[in-house]
Amino acid sequence: MRVGGGAVTQAELWAQWPVSERLRLRGGLGGFHTLRGSSQSTPLAHLSLSYAYGTLQR
């Protein structure tokens, strides 16, 4: 997205699924929008795989 200046917002809806005890798959859909109007916007999609290498315990 090409913006000549001003504020940009991002809205995203995502879901996460456990693959194993420490692996997680996350996918999302959304878009970037300028505050100037909907004429300057672009959709986005992502898919990521993450590994939890530490956990908090009491």
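Structure report, in brief. Once a new chain begins, its residue numbering starts again from 1 and follows that chain's sequence as written. For a predicted model such as this one, the threshold for reporting local features is a pLDDT of at least 70, and the threshold for listing and counting side-chain atom pairs is 80 or more; totals across whole chains, interfaces and linings nevertheless cover every residue. In computing side-chain values, all of the structure's heavy atoms are included and hydrogens and water are not.

Moving on, we come to a nonpolar patch on the surface. Each patch is assembled from residues with relative accessible area greater than 30% and no salt bridge, linking like charges that lie within 9 Å and nonpolar side chains (Val, Leu, Ile, Met, Phe, Trp, Tyr) that lie within 5 Å. Surface exposure here means Shrake-Rupley accessible area, sampled with a 1.4 Å probe, where a residue is shielded only by the protein chains that are shown. By convention in these notes, a salt bridge is any Lys or Arg side-chain nitrogen within 4 Å of a carboxyl oxygen on Asp or Glu. Nonpolar side chains collect at one region of the surface, where W17, V19, L25, L47 and L49 lie side by side and expose about 530 Å² of accessible area between them. The helix count covers DSSP runs of H or I at least four residues long, the strand count covers runs of E at least two residues long, and both are numbered beginning at the N terminus. As for its placement among the helices and strands, L25 is situated in strand β2 (residues 23-34).

This next bit is on the pairing of β2. Examined bridge by bridge, strand β1 (residues 8-18) and β2 share 11 bridges and lie antiparallel to one another. Among the inter-strand pairings, V8 is bridged to a residue of β2, identified as T34. Between any two strands, at least two bridges found by DSSP are needed for them to pair. Hairpin connection between β1 and β2: a loop of four residues separates the two successive antiparallel strands.

So far we have only geometry, and geometry alone does not tell us how the molecule works.
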